[in-house]
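Descriptive structure summary
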Amino acid sequence: DGGITQSPKYLFRKEGQNVTLSCEQNLNHDAMYWYRQDPGQGLRLIYYSQIVNDFQKGDIAEGYSVSREKKESFPLTVTSAQKNPTAFYLCASSIVGGYPDTQYFGPGTRLTVL
Amino acid sequence: AQKVTQAQTEISVVEKEDVTLDCVYETRDTTYYLFWYKQPPSGELVFLIRRNSFDEQNEISGRYSWNFQKSTSSFNFTITASQVVDSAVYFCALINAGGTSYGKLTFGQGTILTVHP
């Protein structure tokens, strides 16, 4: 089945630790995205990548880092510099064409800082 | 800059009632795309519909229908004969077709819909 997988589903982190959230897709999509969702709010874009080895900051990139070494994978690292990392993180992907295409989402990772 | 507003934070209905979720958007681009996503309790966002700015035809898919009106910058979503399984958070979103906003989805705050048996 084609789709987007995110792991782990739940993640607990101690203050001062870096953690990496995994996102993998087998849809053959070129573009991948990371969003953050806080309770009662919409999603906000952290980073996105439209091609391997290239990525751009979104609206709230501070305290996060990404890499795009493979087309299928776009891991997100939440660093200790992120002041309020507890949130629900969603990964998405889309094709890249002459116009913005539909973004399809993974099941999400819920991160809690203890 | 673009903005999406979903003024209804929460809506509660009884099964079989019709319900309309409002979405108002702001953008300076003439070419853009509008989306609705459903987020059930499991958390995953499920794509429902995509509409481009040049297509103002209303769309119906089963119990779902969408009313796009450029004159009022609105893209409202109606569920007819609601069911308990429709209970979820619904998001309206906008993406511009060019410039520096390419690839960036702007989401509304979401509307929590609860359908009671």
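Now for a description of the structure that goes with this document. Since we're looking at a predicted model, the values are computed, not measured.

A look at the interface of chain B and chain A
With 21 residues of chain B at the contact, the number on the chain A side is 25 residues. Across the interface of chain B and chain A, roughly 1,800 Å² is buried in total on both sides, 53% from carbon and sulfur atoms. Connecting chain B to chain A are one salt bridge. Residue K104 of chain B pairs with D59 of chain A through a salt bridge whose shortest N-O separation is 2.9 Å. The interface formed by chain B and chain A includes three residue pairs in polar contact (both at pLDDT 80 or more). No other element matches the four residues that strand β5 (residues 32-39) of chain B contributes to the side of chain B that touches chain A. Taken together, the residues that form the side of chain B that touches chain A break down as eleven nonpolar, seven polar and three charged.

So, the pairing of strand β2 (residues 10-14) of chain B
All names here are of chain B. Burial along β2 is one-sided: the residues I11 and V13 are buried and none of E10, S12 and V14 is. Examined bridge by bridge, β2 and strand β12 (residues 111-116) share five bridges and lie parallel to one another. If you follow V14 over to β12, its bridge partner there is H116.

Looking at a nonpolar patch on the surface
A contiguous nonpolar patch, built from Y10, F12 and L114 of chain A and spanning about 390 Å² of accessible area, is present on the exposed surface. Looking at the element boundaries, Y10 of chain A is found in strand β2 (residues 10-13).

Regarding the sheet that holds strand β7 (residues 64-66) of chain A
Residue and element names in this part refer to chain A. Sheet architecture is open: four strands sit in the order β1-β3-β8-β7, paired in antiparallel fashion. Of all the strands in the sheet, just β1 (4-7) and β7 have a single pairing partner and so form its edges. Strand-to-strand twist across the sheet, computed as the mean angle between neighbouring axes with direction ignored, equals 20 degrees.

Observations regarding the packing of aromatic side chains
By the definition in use, this model includes 22 aromatic pairs over all chains. Ring centres 6.1 Å apart and planes at 90 degrees place the aromatic pair F91 of chain B and F107 of chain B in the edge-to-face group. Note that F91 of chain B is positioned in strand β10 (residues 88-96) and F107 of chain B in strand β11 (residues 106-107), a separation of 16 residues in sequence. Residue class for F107 of chain B comes out buried when judged on its relative accessible area of 8%. Ring-pair connections join several aromatic residues into one group, and the members of that group are Y33, Y35, Y48, Y104 and F105 of chain A together with F35, Y37, F47, F91 and F107 of chain B. The residue whose ring lies beneath R68 of chain A is F74 of chain A, and the NZ or CZ to ring-centre distance is 5.9 Å. Above the ring of F88 of chain A, the side-chain terminus of R110 of chain A is found at 4.4 Å from the ring centroid.

Describing the nonpolar core
Grouped together as the largest cluster of nonpolar side chains are 23 residues, with contacts concentrated most on W36, F77, Y90 and L113 of chain B. Of all the secondary structure elements, the ones that give two or more residues to this core are β2, β3 (19-21), β5, β8 (64-69), β9 (74-79), β10 and β12 of chain B. Residue contributions to this core peak at four residues, all from β10 of chain B. Formed by 20 residues, the second largest nonpolar core is a distinct cluster that contains C23, V66, Y89 and C91 of chain A.

Some points on the pattern of salt bridges
Enumeration according to the criterion identifies seven salt bridges over all chains in this entry. With its nearest N and O atoms 2.9 Å apart, the salt bridge here joins R36 of chain A to D38 of chain A. Of the two residues examined, R36 of chain A and D38 of chain A, each falls in the buried class. D55 of chain B is the salt-bridge partner of R51 of chain B, the closest N and O atoms lying 3.2 Å from each other. Within this structure, R36, D38 and R44 of chain A form a network of salt bridges that share partners.

Thresholds applied
Residues numbered from 1 in each chain as written. Chains lettered and ligands numbered in written order. Predicted model: local features only at pLDDT ≥ 70, side-chain atom pairs only at ≥ 80, totals over all residues. Heavy atoms only, no water. Contact = heavy atoms within 4.5 Å. Buried area = accessible area lost by both parts, 1.4 Å probe. Salt bridge = Lys/Arg side-chain N within 4 Å of Asp/Glu carboxyl O. Polar contact = N/O pair within 3.5 Å; in protein donor to acceptor, adjacent residues only side chain to side chain. Helix = DSSP H or I, 4+ residues; strand = E, 2+ residues; numbered from the N terminus. Nonpolar A, V, L, I, M, F, W, Y, C, P; charged D, E, K, R; others polar. Buried < 20%, exposed > 50% of the residue type's maximum accessible area, 1.4 Å probe, protein only. Pairing = 2+ DSSP bridges. Patch = residues over 30% accessible without salt bridge, like charges linked within 9 Å, V, L, I, M, F, W, Y side chains within 5 Å. Areas by Shrake-Rupley, 256 points an atom, 1.4 Å probe, with all protein chains shown as cover. Axes fitted to C-alpha atoms, helices over the stretch in contact; angles between N-to-C directions. Phe/Tyr/Trp six-rings, centres within 6.5 Å; stacked < 30°, edge-to-face > 60°. Lys NZ or Arg CZ within 6 Å of the ring centre and 35° of its normal. Core = buried A, V, L, I, M, F, W, Y, C linked by side-chain atoms within 4.5 Å.

Read these as spatial facts, not as claims about activity.
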